[in-house]
Amino acid sequence: MSHNTIEINKAMDKFDGRHSVWLFGYGSLIYKADFPYIERRPASIEGWTRRFWQGSHDHRGTPEAPGRVATIVPQPGAVCHGMAYLVTPEEFAHLDHREKNGYLRLAIDIHFDEEHSEEGLVYIATADNAAFLGEATELDIAQHIAAAVGPSGPNAEYLLHLAQALRELGHHDEHVFTIERHLRQLRGG
Ligand code: BEZ
């Protein structure tokens, strides 16, 4: 799959005609939404886990030196906590552009609490996209993140903001928190 996923995402018409759709955020969307939304609620998805396995050529790195940002990968029994936004479908054109570096829209059940879930969308970067970097140790990922910077700022800022936002939501993410610990050590505390 090429880097640019805008056209593939435009063809995703599952929610066409709806007034509003829930969007699940597990990365920067947890702490920053640069688009209008109707409502915002902590939420989770089941069977997926967050991993810093996606390369970023256009936000937290460059084509020559990509950063590492979050995607989700399937893991039976896992729960990925994040933030859901109720948006009008027009917002997806903006998000498709912002996330054109390998992320595809996927329909998914979004859980708000034990009794309440709704089908919505999540952006996911899979192993077949050209920017995918894949698995590495948390130490290697931290070293990679410590060195990367892109048009949206230092890669470390993304990781540290995400870790802080998860902490404020009251969720422990071992992968993210281990990278954070290594990163803080590399930066001297
Ligand atoms: C997120 O923050 O959940 C996210 C949104 C779009 C693409 C990748 C991640």
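Going by the structure above, here's the rest.
Just so it is clear, the model here is predicted, and its values are computed rather than measured.

Novice: Looking at this structure, I do not really get the nonpolar core. What am I missing?
Specialist: When a protein is soluble and globular, its nonpolar side chains tend to lie buried together. In this structure, Phe52 and Ile110 are the most contacted members of the largest nonpolar core, which totals 50 residues. With 10 residues, strand 3 (residues 67-87) is the single largest residue contributor to this core. When near neighbours in sequence (up to four residues on either side) are disregarded, phenylalanine 52 contacts Arg68, Val69, Ala70, Ile141, Ile145, Tyr158, Leu159, Leu162, His175, Val176 and Ile179.

Novice: When you look at helix 5 (residues 174-186) in this model, what are you seeing that I'm missing?
Specialist: The α-helix advances 3.6 residues per turn, and as a result positions three or four apart in sequence lie on the same side. The terminal C-alpha atoms of helix 5 lie 18 Å apart, and with 13 residues this matches the ideal 18 Å at 1.5 Å per residue to within 8%. When we look at burial in helix 5, the residues that qualify are His175, Val176, Phe177, Thr178, Ile179, Glu180 and Leu183. Among the structural elements, strand 2 (39-56), helix 3 (138-147) and helix 4 (155-169) are those in contact with the buried residues of helix 5. One side-chain oxygen at the N-terminal end of helix 5 lies 3.1 Å from the backbone nitrogen of histidine 175; it belongs to aspartate 173.

Novice: What's the story with the site of the ligand in this structure? I'm lost.
Specialist: Residues in close proximity to the ligand include Gly25, Tyr26, Gly27, Ser28, Leu29, Glu99, Tyr103 and Tyr123, which together make up its full environment. A distance of 3.0 Å is found between an oxygen atom of the ligand and a backbone nitrogen or oxygen belonging to glycine 27. For the ligand, an oxygen atom lies 2.8 Å from a polar atom in the backbone of leucine 29. In isolation the ligand exposes 260 Å². Once the protein is present, 98% of that is buried.

Definitions and limits used
Starting from 1, residues in each chain are numbered consecutively following that chain's sequence as written. In keeping with the predicted nature of the model, local features appear solely for residues at pLDDT of at least 70, side-chain atom pairs appear and are counted solely at 80 or more, and the whole-chain, interface and lining totals rest on all residues. Values shown for side chains rest on all heavy atoms present in the structure; no hydrogens or waters enter the calculation. Residues grouped as a nonpolar core are buried Ala, Val, Leu, Ile, Met, Phe, Trp, Tyr and Cys residues, joined through side-chain atoms within 4.5 Å. Relative accessibility thresholds used throughout: buried, under 20% of the residue-type maximum; exposed, over 50%; partly exposed, between the two (1.4 Å probe, protein chains only). What counts as a helix is a DSSP run of H or I of at least four residues, what counts as a strand is a run of E of at least two, and both are numbered from the N terminus. We call two residues contacting when some pair of their heavy atoms lies within 4.5 Å. An expected span of 1.5 Å times one less than the residue number is assigned to each helix. Polar contact is the term for a pair of N or O atoms within 3.5 Å; when the atoms are in protein, one must be able to donate a hydrogen and the other to accept it, and sequence-neighboring residues count only if both atoms are side-chain atoms. In this text, near means that some heavy atom of the residue lies within 4 Å of the molecule or strand in question. Here, Shrake-Rupley sampling with a 1.4 Å probe gives the accessible areas, and only protein chains in the shown set may cover a residue.

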